[in-house]
Amino acid sequence: MPATKTAPPAKTAGSSQSPISSLWKAYYDNTSTRLKTIDAFLVYLMLSGIIQFLYCILVTNFPFNAFLAGFASCVGQFVLAASLRAQVNPANRKEFKEVSPERAFAEFALGSIVLHFFVYNFLG
Amino acid sequence: MRFLRQLLLSVLALASLALARSSTGDSVLILLDPSLKKEDFSVFFGDLEKKGYQLTFRSPKDATPEIIKDDVSQFAHVVVFAPNTKSFAADVTPQSLVSLLSKNTNLLLALSPKQTPLSSLASEFSLILPPPGTPLVSHFPKRDTPPTVIPVDVPATHDIISPNLPPVWFSGVPQALGNNPMLVPILKAPPQAFASDADSDKGADALVEAADKSGEGLWAGSSLSLVTGFQALSNARATWLGGVELFSDDFINKEISKGVKSGNRRFASDVAAWTFQESHVLRIDSVEHHRVNETLPRETYTINDRVTYTTYISKYNPELDLWEPYSGIKDMQLEFTMLDPHIRTSLPPIAGEPGKYSVTFRVPDRHGVFKFVNDYKRKGWTYLTSSTVVPVVPPRHDEYPRFLSAAWPYYAGAFSTSAAFVLFVTLWLAGDDREPKKSKGAKAE
C-alpha cells in the first residue's frame, strides 16, 4: 500500500493570527465599500437600540411612548437597511431580478422617511 | 393729616361718654314697666341720649309703637325693663323678640326674681334661671345694705368693660350658663353669693344638700353669671341683665366705699355700647384671590397653582362713626375646602398695610370645586364669615411640560438615528460601487 500523504498540509495562511482577525480580514477584503457602509450603519443602529433598551429596563420606563418611539426608530431603520443590503448585494442578483439597486435604494429612503415621521409623532 | 386725626381722637376720647354712635342705628325703644319711673333711670337714659340715641318710651302693655310692623323692625335697638309685668301686649311675644334678632335689632333684657314672660325666653338662650322668688344673696362683705344688694367686683381686665372699674352694685337673679358658644358672660357672681329666699336663709339646707351632691342644683359661686351677652349668627346682640336696679340712679349714685362711687354708670355705658353694636364690631370689606404673579382673579385655577388670598377687615370706630382698617386679628384662618378642608392655614395681617390679611399657598393636587372659607367666630366680636367658590381644573393638554428630562436617551436615540440615516444617504450617493480588486489583479496577470 503506498503511503499516501492524504492529510493536506495545514493552512499556514492564518495560523499566526486568531480566527477572529482572519475573519475580519476576509470580510474587509472581500466586501464592497457600499456593503461595508451599510454594515457600519447596521452596527450603529444595533448599539443605539441596545443602549435605549438597557436604559428602559435599568433606570425607568417612565415615558413609555418615548421608549417605544426611540426603540422602534432603531429597529425599523435596521430592518430597512438590512433589506437594502440584501437587495443591493451582487451575490443576490438571481433573487432580485426585477429590483434594480437604484429602486431598492429609493424604496429604502422612502420607507425611512415614513418611519421617522411616525417616530417623531409618537415621541411626544 | 394723621397727627390731626390722632389729636381729634384723643380729644374725643377724653369726652368719650359723649358722641359714641352705634353702627346699626340710633333709634331705641324702651319698654318701661309702669311701676318703674323714667326718672329713676335718668342717668342711664341721659347718657344714651348724649351719645346720640333717639329714645322712645312705651309701656309693655301699650299697643303702639309696635316693635315689628309689616315684618320690618321699627327700631334699631329694644330695651325691655319690665320686671313686674306678667303679660305683654300682643306684639311683644318671645317669638317676636327672637325674630328681632334675625332682623339685626339688638336687645337689652332685664330679668327679675318674679316670673315674667322673659323668664321662659331666657332658656332659649341657654340661660338657666333659678326657681322664681330666689334672688342672689350674699352675706359678704359686711355692709349696711340688705343681703340682696351685693357689690360685685368687676374683673380688672375685661374685653367689653372698661378696665379698673370700682365694684358695681347688683340686685337680681343669677343665671347659670348652658353650653352655648354664642354666650358672652360679662359679669360673674362673687364666689360667696348664692340664690335663696330674700328674707331669711330658709333655703340654706337645700344649698348644703346640693353642695354634697357635687353641685347638682347648686345656685352659688362664681360660675353664675349676672350680666350675660349673646351674639346671634346674624350678629345681633342680646344682653340679659339679672336685675333692672343695676342701671338705676340709686345704684349709680350709691357709694361702694367711703368716697368711692360705684362703677355702675361706666358699667351700664359699656354694656349698652357692646349691646348696641358700638364696640367690638368688625366687618369684611372685601375678599380677593389671584395667582401669585397676576392681579385679577381667574374663573378657574389649575391644580398645583400658587394662589394668593387677601381679605380686608375693618373695625367700627364709635367716636368717629366710621369704619377703620383693623390689623389686630392675630388668629384668623383660611380654609380651602372641597367637602373637607384640604388646606387650613393662618391668615396673618400684613405689616405696613392696615386691615390687610393675606396668605399664599399651593392649590392641592385634586381638581374639583373648592371654596375659600373664612370663618372667624370669637366671643364678644362680630362673626366674620366669607365663602368664595372657585373651580380647580386639571392642566390642559398644552400645560404639561413639553420635554421630559427622563426621556432624553430616547430623544437622543431617535435624533441620532435620523442623523445617521442622512449621513448614510450622503455617503451612498457620493460614492459609487467599487468591486473588490481581485478580478483586476487576475486580468493584469
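Keep in mind the model is a prediction, meaning the values are calculated, not measured.

Caption draft 1: View of the pattern of salt bridges. With the rule as written, the count across this model stands at 19 salt bridges over all chains. In this structure, lysine 25 of chain A and aspartate 29 of chain A form a salt bridge, with 3.4 Å as the shortest nitrogen-oxygen distance. Here lysine 25 of chain A pairs with aspartate 29 of chain A, and both are found in helix α1 (residues 19–30), just four residues apart, close to one helical turn. Under the relative-accessibility criterion, lysine 25 of chain A is labelled partly exposed at 45%. What makes aspartate 29 of chain A partly exposed here is its relative accessible area of 41%. Between aspartate 305 of chain B and arginine 291 of chain B there is a salt bridge, and its shortest N-O distance comes to 2.7 Å.

Caption draft 2: Focus on the interface of chain A and chain B. Listed per partner, the contact involves 37 residues of chain A and 26 residues of chain B. Around 2700 Å² of area is buried between chain A and chain B when both sides are counted, 71% of it from carbon and sulfur atoms. Connecting chain A to chain B are zero salt bridges. Counting the contacts that link chain A with chain B gives six residue pairs in polar contact (both at pLDDT 80 or more). Looking at the side of chain A that touches chain B, the elements with two or more residues in it are α1, α2 (33–58), α3 (64–88) and α4 (101–123) of chain A.

Caption draft 3: A negative patch on the surface, seen in detail. A cluster of acidic residues, Glu39, Asp40, Glu245 and Asp250 of chain B, forms a negative patch at the surface. The topology assignment puts glutamate 39 of chain B in the loop between β1 (27–32) and α2 (42–51).

Caption draft 4: Spatial organisation of the UniProt feature "transmembrane region" (unreviewed entry) in chain A. All names here are of chain A. Mapped onto the present numbering, the UniProt feature "transmembrane region" (unreviewed entry) falls at residues 41–60, 66–84 and 104–123. Between the end C-alpha atoms of residues 41–60 there is a gap of 27 Å, over a span that is 90% helix and 0% strand. The distance separating the terminal C-alpha atoms of residues 66–84 is 27 Å; by composition the span is 100% helix and 0% strand.

Caption draft 5: Summary view of helix α4 (residues 117–124) of chain B. Residue and element names in this part refer to chain B. Those residues of α4 that sit buried are Leu118, Ser119, Leu121 and Ala122. Summarising the axial view, the buried residues of α4 lie within an arc of 165°, below the 170-degree limit, and thus occupy one face. Looking at the packing, one finds that the buried side of α4 touches β5 (77–81), α3 (94–102), β6 (106–110), β7 (127–128) and β15 (237–241). A positive phi of about 65° marks serine 126, the residue just after α4.

Caption draft 6: Here's a closer look at the side chain of glutamine 231 of chain B. All names here are of chain B. Note on placement: glutamine 231 falls in strand β14 (residues 225–231). Of note is the side chain of glutamine 231, whose polar atom sits 2.5 Å from the backbone oxygen of tryptophan 381. Those residues in contact with glutamine 231 that sit more than four places away from it in its chain are Met182, Ala236, Arg237, Trp381, Thr382 and Tyr383.

Caption draft 7: The environment of phenylalanine 276 of chain B, seen in detail. Relative to the assigned elements, phenylalanine 276 of chain B resides in the loop between α7 (264–275) and β18 (282–291). The spatial distance from the C-alpha of phenylalanine 276 of chain B to the C-alpha of leucine 136 of chain B is 27 Å, given a sequence separation of 140 residues.

Caption draft 8: A look at the packing of aromatic side chains. Counted by the stated rule, this structure contains 35 aromatic pairs over all chains. Aromatic pair phenylalanine 64 of chain A and phenylalanine 67 of chain A: ring centres 5.6 Å apart, planes at 35°, arrangement tilted. Of this pair, phenylalanine 64 of chain A and phenylalanine 67 of chain A both sit in helix α3, three residues apart, which is roughly one turn of the helix. According to the relative accessible area criterion, phenylalanine 67 of chain A is buried, its value standing at 7%. Following the ring pairs from residue to residue traces out a cluster consisting of Phe41, Phe105 and Phe108 of chain A together with Phe421, Phe424 and Trp428 of chain B. Above the ring of tyrosine 28 of chain A, the side-chain terminus of lysine 36 of chain A is found at 4.0 Å from the ring centroid. Sitting over the ring of tyrosine 383 of chain B, lysine 377 of chain B keeps its end group 5.9 Å from the ring centre.

What counts, and where the lines are drawn
Residues numbered from 1 in each chain as written. Chains lettered and ligands numbered in written order. Predicted model: local features only at pLDDT ≥ 70, side-chain atom pairs only at ≥ 80, totals over all residues. Heavy atoms only, no water. Salt bridge = Lys/Arg side-chain N within 4 Å of Asp/Glu carboxyl O. Helix = DSSP H or I, 4+ residues; strand = E, 2+ residues; numbered from the N terminus. Buried < 20%, exposed > 50% of the residue type's maximum accessible area, 1.4 Å probe, protein only. Contact = heavy atoms within 4.5 Å. Buried area = accessible area lost by both parts, 1.4 Å probe. Polar contact = N/O pair within 3.5 Å; in protein donor to acceptor, adjacent residues only side chain to side chain. Patch = residues over 30% accessible without salt bridge, like charges linked within 9 Å, V, L, I, M, F, W, Y side chains within 5 Å. Areas by Shrake-Rupley, 256 points an atom, 1.4 Å probe, with all protein chains shown as cover. Lys, Arg positive; Asp, Glu negative; His and termini not counted. Charge placed at Lys NZ, Arg CZ, Asp CG, Glu CD. UniProt positions renumbered as here; feature names shortened; annotations may be inferred. Arc of directions from axis to C-beta. Phe/Tyr/Trp six-rings, centres within 6.5 Å; stacked < 30°, edge-to-face > 60°. Lys NZ or Arg CZ within 6 Å of the ring centre and 35° of its normal.

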